[in-house]
Amino acid sequence: MRLEAAKERPDTPFFIAAGFIRPHLPFVAPKKYWDLYDRSQLNLAENSKAPEGVVEAALRPNGELSQYKGTENADSLSEAQQRELLHGYYAATSYTDAQVGKLLDTLDRLGLSENTIIVFWGDHGWHLGDHGLWSKHTNFEQATRIPYIIAAPGLSKGAKTKSLAQSIDIYPTLLELNGLPLPGSKPALEGKSLVPVLKEPSAIVNDSV
């Protein structure tokens, strides 16, 4: 494993990008992760209708979901279909959570945790029937909010912030955390370092995102 190889080179910095496709359509995961949930107990979206007064351009048909067998009727799913999708989303999420846990456990086992910067994020959110949507292709908060967790040596653990952040902030944040210079003004970076927020959660680096 690459982490073991990194352990053998203590004087050489390492960078590992680990990508996980789940949760993403199709919602596939080993059976034991489906067994974590009772489908009958899952709550369907309460706000299943389009918001009052919303412009039509804000709503997108569930085209991606309709490409899969059994959900060709993606814009008019039955309650049973919705519960199956919720079940699959939760199972796929728990499956990915377990894989992330294996990486973190390995860092702990190898004694690398205290000197390693970890960034965990997703590329988009997902509608689970709210507004009648089962997709990511909107500008509603459910689709634009993502998991965004940064852990680094010397930072407080478990801190939360309401400061706005975006994915393009990750690169300049990692540069600053590693003591590396930002690239020159050509081309200029659009993202901003979030280190001020990591040090003081009430700080603001983005007025808008």
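1. A look at the overall build of the protein chain
Helices and strands together make up the secondary structure of the protein chain, namely six helices and two strands. Put simply, the protein chain runs from its N terminus to its C terminus through helices and strands in the order α-α-α-β-α-β-α-α. Each principal axis of the C-alpha atoms in the protein chain carries an extent, and together these give about 55 × 40 × 30 Å. Counting all 209 residues of the protein chain, 33% fall into the buried class. A fraction of 64% describes how many contacts in the protein chain between residues 6 or more apart in sequence connect residues 24 or more apart. If you sum the accessible surface of the protein chain, you get close to 14,100 Å²; carbon and sulfur atoms cover 53% of it.

2. A closer look at the pattern of salt bridges
Counting across every chain of the model gives four salt bridges. The partner of Glu4 in a salt bridge is Arg109, and the shortest N-O contact between them spans 2.8 Å. Remark: Arg109 occurs in helix α3 (residues 79-109) and Glu4 occurs in helix α1 (residues 2-7); sequence separation between them is 105 residues. Since its relative accessible area comes to 57%, Arg109 is described here as exposed. Residue Arg83 pairs with Glu79 through a salt bridge whose shortest N-O separation is 3.4 Å. One end of the pair is Arg83 and the other is Glu79, both in helix α3 and four residues apart, which spans about a single turn. Assessed through its relative accessible area of 48%, Glu79 is described here as partly exposed.

3. Some points on unusual backbone geometry
The amide bond that connects Arg22 to the next residue, Pro23, takes the cis arrangement and shows omega of 0 degrees. If you trace the backbone, Pro23 turns up in the loop between α1 and α2 (31-34). For the bond from Leu25 to Pro26, the omega torsion is -10 degrees, close enough to zero to count as cis. Secondary-structure assignment places Pro26 in the loop between α1 and α2. Positive phi outside glycine occurs at His131, with the angle close to 60 degrees. Judged by relative accessible area, His131 falls into the buried class, the value being 14%.

4. Observations regarding the environment of Ser40
You can see Ser40 is positioned in the loop between α2 and α3. When its relative accessible area of 49% is taken as the criterion, Ser40 is described as partly exposed. Linking Ser40 and His124, residues 84 residues apart in sequence, is a C-alpha distance of 27 Å. Within the structure, the side chain of Ser40 is placed 3.5 Å from the side chain of Gln41, a separation counted as a polar contact.

5. Some points on the environment of Tyr68
Tracing the backbone through its elements, the reader meets Tyr68 in the loop between α2 and α3. A C-alpha to C-alpha distance of 7.8 Å links Tyr68 and Pro26, two positions 42 residues apart in sequence. The contact partners of Tyr68, leaving out residues within four places of it in the chain, are Leu25 and Pro26.

6. Notes on the environment of Pro153
Examined against the element boundaries, Pro153 turns out to sit in the loop between β2 (148-151) and α5 (170-177). Pro153 gets classed as partly exposed once you look at its relative accessible area, which sits at 40%. Sequence separation of Pro153 and Leu112 is 41 residues, and the distance between their C-alpha atoms is 11 Å. Setting aside residues no more than four positions away along its own chain, Pro153 makes contact with Glu114, Asn115, Thr116 and Ile117.

Calculation criteria
- Position numbers for residues start from 1 in each chain and track the written sequence from start to end.
- Given that the model is predicted, a residue must reach a pLDDT of at least 70 before its local features are reported, and side-chain atom pairs must reach 80 or more before they are shown or counted; all residues, however, enter totals for whole chains, interfaces and linings.
- As a rule here, side-chain values cover all heavy atoms of the structure and leave hydrogens and water aside.
- Helix numbers and strand numbers start at the N terminus; a helix is a DSSP run of H or I with at least 4 residues, a strand a run of E with at least 2.
- A 1.4 Å probe rolled over the protein chains alone gives each residue an accessible area, and that area as a share of the maximum for its type sets the label: buried under 20%, exposed over 50%, partly exposed in between.
- Any pair of residues with heavy atoms lying within 4.5 Å of one another is described as a contacting pair.
- All accessible-area figures derive from a Shrake-Rupley calculation using a 1.4 Å probe, and residue coverage is judged against the displayed protein chains alone.
- Take a side-chain nitrogen of Lys or Arg and a carboxyl oxygen of Asp or Glu: if they are within 4 Å of each other, that pair is a salt bridge.
- N or O atoms within 3.5 Å of each other form a polar contact, as long as, within protein, one can give a hydrogen and the other can take it, and as long as residues adjacent in sequence are counted only when both atoms are side-chain atoms.

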